[in-house]
Amino acid sequence: MKERHSFSESAEMYLKSIAELSEADRVVPVTALADHLVISTVSASEMVHKLEAQGLVEHLPYKGVRLTAEGARQANAVLRRHRLWEHFLSDQLGLSWEKAYAFACELEHATGDEVADALADYLGHPQTCPHGNPIPGPDGRVEVADGICLVDMKPGEGGAILRIQSPSAEILSYLQDRDLGPGTKVQIGAVEPFEGPIELDLGSETLMLGRQVASHIIVMPE
């Protein structure tokens, strides 16, 4: 995280990251939050305490952090702006997922509700970002379709990719280069032991995918 970000922008990034990592209302370990933001655990802990003092998060010692109702409202507003910009930059301007994600991370802090609503109107009120994550409505509500994480699937099981959750620009670039996105049909082949890679049958080809990347892929089982 760059030092030039104001406290307000930093807070927005933390809230958005917690929302991305806390699907199904899971408590997010501070270490996972730090890894996602590519910062030290000490820095993440310091910001968590500041956000807790503002009533935006609840810190559970030795467990992690979760958003309060107000924290979730603010986080979803940032997610709405971010994912609308991703949709515009990717679908309208033809930028790669990686570049669209990076630019959206900047634009999300400079976009007010009026602009976000106008952008949604222009785009025809899309329901998801280019890689399948739901776009919260103007009221902050967000509906997440059920699916199963790729790493939890067994050999022989398959389905269509639903979304890529908690992404980073690097992961998005890696997956887009391999045409692994929403709607792609996959079937699990061999699963190597000891945290080894997962073999994916894509119909026309077979791909070995590391578990770190696979953990970001949510599939709608057949």
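For the structure, see preceding data.
Residues numbered from 1 in each chain as written. Predicted model: local features only at pLDDT ≥ 70, side-chain atom pairs only at ≥ 80, totals over all residues. Heavy atoms only, no water.

(A) The packing of helix H2 (residues 30-37) against helix H3 (residues 41-53), seen in detail. Between H2 and H3, the least distance of the axes is 9 Å, while the angle of their chain directions is 110 degrees. Viewed along their axes, H2 and H3 adopt a mutual orientation that is roughly perpendicular. Of the residues in H3, those in contact with Val30, Thr31, Leu33 and Ala34 of H2 are Thr41, Ala44, Ser45 and Val48. Class assignment of the residues belonging to the contact of H2 with H3 gives a composition of 5 nonpolar, 3 polar and no charged. (Axes fitted to C-alpha atoms, helices over the stretch in contact; angles between N-to-C directions. Helix = DSSP H or I, 4+ residues; strand = E, 2+ residues; numbered from the N terminus. Parallel < 35°, antiparallel > 145°, perpendicular 65-115°, else oblique. Contact = heavy atoms within 4.5 Å. Nonpolar A, V, L, I, M, F, W, Y, C, P; charged D, E, K, R; others polar.)

(B) Local environment of unusual backbone geometry. We note that Ser166 has phi near 45 degrees; this positive angle belongs to a residue other than glycine. Assignment of secondary structure puts Ser166 in the loop between strand S4 (158-164) and helix H7 (169-177). Classification of Ser166 by relative accessible area gives buried; the value is 10%. Phi at Asp179 is positive, roughly 55 degrees, even though this residue is not glycine. Topologically, Asp179 is positioned in the loop between H7 and strand S5 (185-191). (Buried < 20%, exposed > 50% of the residue type's maximum accessible area, 1.4 Å probe, protein only.)

(C) Summary view of the environment of Val142. Looking at where Val142 falls in the secondary structure, it is placed in the loop between helix H6 (113-123) and strand S3 (148-149). By relative accessible area, Val142 is classed as partly exposed at 34%. For the pair formed by Val142 and Ser90, sequence separation is 52 residues and the distance between their alpha carbons is 21 Å. If we ignore the near neighbours within four places in the chain, the residues touching Val142 are Asn76, Pro134 and Pro136.

Any link to function would need more than the numbers given here.
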